[in-house]
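What follows is each chain in one-letter form.
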Amino acid sequence: MIGKITTGRNFRGCLRYLHEGRLQESEELQLEEMAKKQAEVIHYNKCFGTMEQVVKQLIEVRKLNPKLLKPVFHASFSFAYADAALLTKQQKADIAVGMSEEFGFDQNQFIVITHSDTLHEHIHIVANQVGYDGKAVSDHNSYKRM
């Protein structure tokens, strides 16, 4: 399994990209891009609903710590070709939940999305670094921890 971690400022932009892909010139091309992405939410933690509802929930909790510049924690995992077809959605969700515990996000809001748009299956975890207590989970040494 290969992992990558990034942090960012915009929950809406991150989730829109994961669901809709890159912005296209026309509605027709955008629908093709979305179909190619094959995005599916396989787990919610402390948030739920449509993408717009989830974004609003993430933003509301994020406001508890306005000093944090980059509240979006985005991790992606690519599975080995041989393993991807063997894993169920629940097993992929369990891997993501285990990762959230390892990084300290298990009590924060996060969403897990699976993609089948490339030759290798992969999952994305988008987490709110700000918890309900207003404290931010540290992303220090996240590259090494990955």
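As a reminder, the structure under discussion sits directly above these lines.
The structure presented is a predicted model; accordingly, all values stated were derived computationally and were not measured.

K.L.:
Would you mind showing me how to read unusual backbone geometry here?
P.N.:
Working note: non-glycine residues mostly have negative phi, and peptide bonds are mostly trans. In the Ramachandran plot, Lys46 falls in the positive-phi region, its phi being about 60° despite a non-glycine side chain. Topologically, Lys46 is positioned in the loop between strand S2 (40–45) and helix H3 (51–62).

K.L.:
What's the story with the sheet that holds strand S1 (residues 2–8) in this structure? I'm lost.
P.N.:
One key point about sheets: their strands pair by backbone hydrogen bonds, in either a parallel or an antiparallel sense. Strand order across the open sheet formed by 5 strands is S1-S3-S5-S4-S2, with antiparallel pairing between neighbours. Of all the strands in the sheet, just S1 and S2 have a single pairing partner and so form its edges. Across the sheet, the mean angle from the axis of one strand to that of its neighbour is 15°, orientation sign disregarded. Strands S1, S2, strand S3 (72–78), strand S4 (110–115) and strand S5 (122–128) of the sheet are contacted by helix H5 (residues 89–103), whose axis makes an angle of about 40° with S2.

K.L.:
Would you take a moment to explain helix H1 (residues 11–20) for this structure?
P.N.:
Residues spaced three or four apart along an α-helix point in a common direction, a consequence of the helix completing one turn every 3.6 residues. Those residues of H1 that sit buried are Phe11, Cys14, Leu15, Leu18 and His19. Along the axis of H1, the buried positions cluster into a sector of 120°, meaning they face one direction only. Buried-residue contacts for H1 involve helix H2 (27–37), S2, H3, S3, S4 and S5. Among the residues of H1, the N-terminal cap falls to Asn10, whose side-chain oxygen and the backbone nitrogen of Arg12 are separated by 2.9 Å. Looking at the residues trailing H1, positive phi occurs at Gly21, about 80°.

Cut-off values and rules
- Think of each chain on its own: its residues are numbered from 1, step by step along the sequence as written.
- The predicted nature of this model means local features are confined to residues of pLDDT at least 70 and side-chain atom pairs, given and counted, to a pLDDT of 80 or more, with totals for whole chains, interfaces and linings taken over all residues.
- Remark: hydrogens and water are excluded; side-chain values derive from all non-hydrogen atoms of the structure.
- Runs of H or I in DSSP of at least four residues are treated as helices and runs of E of at least two as strands, each being numbered from the N terminus.
- Between any two strands, at least two bridges found by DSSP are needed for them to pair.
- Here an angle of 0 to 180 degrees is reported between the N-to-C directions of two axes, which are lines fitted to C-alpha atoms, with helices fitted over the stretch in contact.
- For this analysis, residues touch if any pair of their heavy atoms sits within 4.5 Å.
- Only protein chains enter the calculation, and the probe is 1.4 Å; a residue is then buried if its accessible area is under 20% of its type maximum, exposed if over 50%, and partly exposed in between.
- As used here, the arc belongs to the directions running from the helix axis to the C-beta atoms.
- For the purposes of these results, a polar contact is taken to be a pair of N or O atoms within 3.5 Å, where, inside protein, one atom must be able to donate a hydrogen and its partner to accept one; residues adjacent in sequence count only when each atom of the pair is a side-chain atom.

Shape is all these values report; function is a separate question.
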